[in-house]
Each structure stands twice: as structure tokens, then as C-alpha cells.
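# Chain and residue survey
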Amino acid sequence: DYANLKKSDKISKAYADYFAAVANYKSGNFKNAILLLDNIKNVNETMTHNVMVLKALCCAKSNRLSDAEKIFSNLDLNQTISDQERLVYSKVLLLEGRLNTAYRQAARVKNPEGAYVAGLALFNLKDWKTCDLYFTKYLSSKETGFAAHSLFYDGYALYRQNKIKEAARCLSDFTNKYPNH
């Protein structure tokens, strides 16, 4: 019947727009992706969630941090945010200077990078003791993406705690492992 056919066309268009938005996102065309996503309305709960996540990611990548933060906040309130999405959310909060909230979100992330982001937020809050714990946690994970920065910031945090020998060892490790950094 005509009503079902019309509904089916609406759903098909929504999926086509969503996948076109994904392609735009992957090619760095965040503005077009957002325009496509804004056309998708009330398809189903899963599609609505996916649209919100992709729009938040596009906003974050295009430096629309406030928009990204609002979307991630809603996802968090609805308890539909994944670990990876929470990591991006914590980075957005960090960039916005919302350090306490960034720390709380990053500390919930199971991925080792969450410990690094939590450490950065705490470093900026000058909570030397706790940021030391998070940088140490990141470094013990054997991840390497932020190892140099973690080692340096951890050395500085130790210095600020007046743990001079530990700070010297940490910063010496940093200069030995990363002489060109």
C-alpha cells in the first residue's frame, strides 16, 4: 500500500544520507556530513543514535566543540555512549577547558588512552599526585602513542611533588628514549 511504500522510501533515503555522511566524514568533509545528518529524522532508535554519534564526531573534527559536547552529553545522559565515544567526549571537554569533567569522563574509559587524557586534565588542574598515577597507568599499559608525552608530564608531576630523585629518573628516561622530542 502507498503509506508503507512512502515510509520505506523515507527509511531508504535516511540510510542513503547516513552512508553518504559517513563517506564525507571519512574524506574530511565534515560540513557536508553534518548537512546530510541534519536531514535524517526519526527513523529508528539505532539510526538516531548513529546519527548523533557521527554528528558529534564531525563537530569535534571541525572544531565545533560546543556542539560536539552537547551531543556527547546527551548520549551520556541516555547511557548510550560507548567507550571510544567517551574518549572523544573527554578530549572535547579537555579542549574546551572543562578539566574536571574531562577527567571524570576520561577516568571511565577502559582504553589506556583514557588514562593519558585523564592525566592531562589533572596536570592542567595541577593535581600532581593524581596525574602522576594516571600517567604511570598509561605508561604501564605498553601503549606507545603518547608514551613520550606521558613520561615527560609524569616527570614534571613528580618534580612538583618534590620527588626529585624519581623526577630526575623519569626525565632522564624521557631524554634517553626520545632524544629528538
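## Observations regarding the side chain of Asp17
Here Asp17 is to be found in helix 1 (residues 2-26). Beyond its immediate stretch of four places on either side in the chain, Asp17 contacts Leu36, Asn39 and Ile40.

## Quick look at the packing of helix 5 (residues 83-96) against helix 7 (residues 112-124)
How two helices sit against one another is set out by the angle between their axes and by the gap between those axes. The geometry of helix 5 relative to helix 7 is characterised by a closest axis approach of 10 Å and an angle of 20° between their N-to-C directions. What the angle tells us is that helix 5 and helix 7 run roughly parallel. For helix 5 against helix 7, the interelement crossing comes out left-handed. For the pair formed by helix 5 and helix 7, the contact residues are Leu87, Ser90, Lys91 and Leu94 on the first element and Glu113, Gly114, Val117, Leu120, Ala121 and Asn124 on the second. Within the contact of helix 5 with helix 7, the residues separate by chemical class into 5 nonpolar, 3 polar and 2 charged.

## Remarks on the side chain of Asp154
On the secondary structure map, Asp154 appears in helix 9 (residues 147-160). Buried and unpaired, Asp154 has Arg169 as its nearest opposite-charge partner, separated by 6.3 Å. The residues contacting Asp154, other than those within four sequence positions of it, are Asp132, Phe135, Thr136, Leu139 and Cys170.

## Let's talk about the environment of Ala121
In this fold, Ala121 is placed in helix 7. We classify Ala121 as buried; its relative accessible area is 0%. Considered as a pair, Ala121 and Asn100 are 21 residues apart in the sequence and their alpha carbons are 7.0 Å apart. For Ala121, the contacting residues outside a window of four places in its chain are Leu94, Leu99, Ala102 and Tyr103.

## Details of the packing of aromatic side chains
On inspection of all chains with the given rule, the structure shows 18 aromatic pairs. Between Tyr116 and Tyr138, the aromatic rings sit 5.8 Å apart at their centres with planes inclined by 55°, giving tilted as the arrangement. With Tyr116 in helix 7 and Tyr138 in helix 8 (residues 128-140), the pair connects residues that are 22 residues apart, well separated along the chain. By relative accessible area, Tyr116 is classed as buried at 6%. Ring geometry for Trp128 against Tyr156: centres 5.6 Å apart, planes inclined by 75°, an arrangement best described as edge-to-face. Of this pair, Trp128 sits in helix 8 while Tyr156 sits in helix 9, placing them 28 residues apart in sequence. Counting every residue linked through ring pairs, the aromatic cluster contains Tyr116, Phe123, Trp128, Phe135, Tyr138, Phe146, Phe152, Tyr153, Tyr156, Tyr159, Phe174 and Tyr178.

## Comments concerning the environment of Leu75
Counting through the fold element by element, Leu75 comes out in helix 4 (residues 65-77). Taking relative accessible area as the criterion, Leu75 reaches 1% and is therefore assigned buried. A sequence separation of 38 residues divides Leu75 from Leu37, and the C-alpha atoms of the two residues are 16 Å apart. For Leu75, the contacting residues outside a window of four places in its chain are His49, Met52, Val53, Thr80 and Ile81.

About the criteria used
Residues numbered from 1 in each chain as written. Predicted model: local features only at pLDDT ≥ 70, side-chain atom pairs only at ≥ 80, totals over all residues. Heavy atoms only, no water. Helix = DSSP H or I, 4+ residues; strand = E, 2+ residues; numbered from the N terminus. Contact = heavy atoms within 4.5 Å. Axes fitted to C-alpha atoms, helices over the stretch in contact; angles between N-to-C directions. Parallel < 35°, antiparallel > 145°, perpendicular 65-115°, else oblique. Left-handed = near helix turned anticlockwise from the far one by under 90°. Nonpolar A, V, L, I, M, F, W, Y, C, P; charged D, E, K, R; others polar. Buried < 20%, exposed > 50% of the residue type's maximum accessible area, 1.4 Å probe, protein only. Lys, Arg positive; Asp, Glu negative; His and termini not counted. Salt bridge = Lys/Arg side-chain N within 4 Å of Asp/Glu carboxyl O. Phe/Tyr/Trp six-rings, centres within 6.5 Å; stacked < 30°, edge-to-face > 60°.

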